[in-house]
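This is what each chain is made of:
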Amino acid sequence: MSPQPDHAAGTRLGDVHVLAHFDRAAGQAAESIALEPGGGAVIGMIPARQVVRVAPDGAVQVLVTMPLPPGGGGTTPVVGIPVVTGVARSDSGAVYFLYSAGQGGLTGIWQIRRSGEPRLVVPLPADTMPNALVIDGERDRFLVTDSTGGRIWQAPLRGGEATVWSADPALAPGGFFGANGLKVHDGAVWASNSDHGTIVRFPVTEGGGAGRGTEILAAINQTSKLVRVGADGAQETLLDAEDGMQGTTAVVVRGDRAYVTNGANLVGNDSHLLIAELQRR
């Protein structure tokens, strides 16, 4: 999910091409995207428990593979296996990611050290399913969606204890995943709810709390689509299975370029990172 400025109404995509293919058989189901200067990206790989870097030329480098928790991770909520999900990159270049591993003290926000070793910076309860991670730079904090708890957590960027920022009923799951995708944009926090097929906008109060018409590009995992949602709620499919979409998981926009991951986690076997040029009319 990636909100866009008002002047982007009527956005179309051109020069759509795959930048990198991943090894789906080895568990590299591409999930979230954190862009890097120069056109590269950092991506979380769900069952592979990995974070990888994709260079501007498409070369793929594994940055970290997370260890299995005691017992193998069967206590991970809903999915029953340990998974790496959201990734984020600070302005200083620090790379953070989410690991959901059930019991064993590994669930939370992790940082990749310069040595390549992972470091737990914000622990989260074992019964949470942290899914999307963003850095709210204006308030020096992390925001994290909890798909099974139907919450958004916040924690200091320096690390430490997490607290619930919002437990609005609109974030609750309906049987599988509730709050999922997350973005901070235009003075608001935007969160998607997978079970209900909705996007919820929370205006941020002056103190940074949650209150309650821009264009959105949304990745629809269940139907393998990238859609544009107008300020009036009207939807239009920009890319679908005929364009190579397979289990579409995330979209991030920078300038006139959209980055889209397909995890092939529900259909197909081609996990990849795709790039398209935005054509605004």
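Residues numbered from 1 in each chain as written. Predicted model: local features only at pLDDT ≥ 70, side-chain atom pairs only at ≥ 80, totals over all residues. Heavy atoms only, no water.

Undergrad: So what about the pattern of salt bridges? Which residues, and what values?
TA: Evaluated as defined, the whole model comprises nine salt bridges. Of the charged contacts, one joins Glu36 and Arg89 as a salt bridge, the two residues approaching to 3.4 Å between their closest N and O atoms. Here Glu36 is found in the loop between β3 (30–35) and β4 (41–45), whereas its partner Arg89 is found in strand β7 (residues 83–89), with 53 residues between them in sequence. On the basis of relative accessibility, which here comes to 9%, the residue Glu36 falls in the buried class. Classification of Arg89 by relative accessible area gives partly exposed; the value is 28%. With a closest N to O distance of 2.7 Å, Asp146 and Arg151 form a salt bridge. Taking relative accessible area as the criterion, Asp146 reaches 1% and is therefore assigned buried. Each member of the salt-bridge network shares a partner with another, and the members are Asp136, Glu138, Arg139 and Arg141. (Salt bridge = Lys/Arg side-chain N within 4 Å of Asp/Glu carboxyl O. Helix = DSSP H or I, 4+ residues; strand = E, 2+ residues; numbered from the N terminus. Buried < 20%, exposed > 50% of the residue type's maximum accessible area, 1.4 Å probe, protein only.)

Undergrad: With reference to specific residues and values, describe a nonpolar patch on the surface.
TA: Taken together, the side chains of Val78, Val79, Ile81 and Phe176 define a hydrophobic patch exposed on the protein surface, amounting to about 320 Å² of accessible area. Looking at the element boundaries, Ile81 is found in the loop between β6 (60–65) and β7. (Patch = residues over 30% accessible without salt bridge, like charges linked within 9 Å, V, L, I, M, F, W, Y side chains within 5 Å. Areas by Shrake-Rupley, 256 points an atom, 1.4 Å probe, with all protein chains shown as cover.)

Undergrad: Lay out the nonpolar core in plain terms, naming residues and giving numbers.
TA: Judged by nonpolar contacts, the single largest core of 17 residues is most densely connected at Phe22, Ile33, Ile43, Met45, Val54 and Leu273. Counting only elements with at least two residues in this core, the list comes to β2 (12–21), β3, β4, β5 (50–54), β21 (248–254) and β23 (272–279). Residues in contact with Leu273, not counting those within four places in the same chain, are His17, Val18, Leu19, Ala20, Phe22, Ile33, Ala41, Ile43, Val54, Tyr259, Val260 and Thr261. Core analysis: the second largest hydrophobic core is formed by 15 residues, Ala34, Phe97, Leu106 and Trp110 among them. (Core = buried A, V, L, I, M, F, W, Y, C linked by side-chain atoms within 4.5 Å. Contact = heavy atoms within 4.5 Å.)

Undergrad: Describe the side chain of Gln28, listing the residues and the values that go with them.
TA: Turning to its location among the elements, Gln28 is positioned in the loop between β2 and β3. Here Gln50 takes part through its side chain, which lies 3.0 Å from a polar atom of the side chain of Gln28. With sequence-adjacent residues up to four places away left out, Gln28 is seen in contact with Phe22, Asp23, Met45, Ala48, Gln50, Val52, Val62 and Ser271. (Polar contact = N/O pair within 3.5 Å; in protein donor to acceptor, adjacent residues only side chain to side chain.)

Undergrad: So what's going on with the side chain of Ser166? Residues and values would help.
TA: Within the secondary structure layout, Ser166 lies in strand β14 (residues 163–166). Polar contacts involving the side chain of Ser166 include one to the main-chain amide nitrogen of Asp168, which spans 3.2 Å.

Undergrad: So, unusual backbone geometry: which residues are in play, and what are the values?
TA: One non-glycine residue with positive phi stands out, namely Asp15, at about 50 degrees. As for its placement among the helices and strands, Asp15 is situated in strand β2. The exposed category is assigned to Asp15, whose relative accessible area is 54%. Notably, Arg49 is not glycine yet its phi reads approximately 60 degrees, a positive angle. For Arg49, the location among the structural elements is in the loop between β4 and β5.

Undergrad: Describe the sheet that holds β7, listing the residues and the values that go with them.
TA: The strands making up a sheet associate through hydrogen bonds between their backbones, and the pairing can be parallel or antiparallel. Read from one edge of the open sheet, four strands run β7-β8-β9-β10, paired in antiparallel fashion. Single-partner strands in this sheet number two, and they are β7 and β10 (118–123). Between one strand axis and the next, the sheet turns by 30 degrees as a mean value, whatever way the strands run. (Pairing = 2+ DSSP bridges. Axes fitted to C-alpha atoms, helices over the stretch in contact; angles between N-to-C directions.)

Undergrad: Tell me about the pairing of strand β15 (residues 179–185), and name the residues and values.
TA: Judged from the five bridges that link them, β15 and strand β16 (residues 188–193) form a sheet pairing that is antiparallel. For His185, the partnering residue across the bridge sits in β16 and is Ala188. Here β15 folds back onto β16 in antiparallel fashion, the turn holding two residues, of which Asp186 has a positive phi close to 55 degrees.

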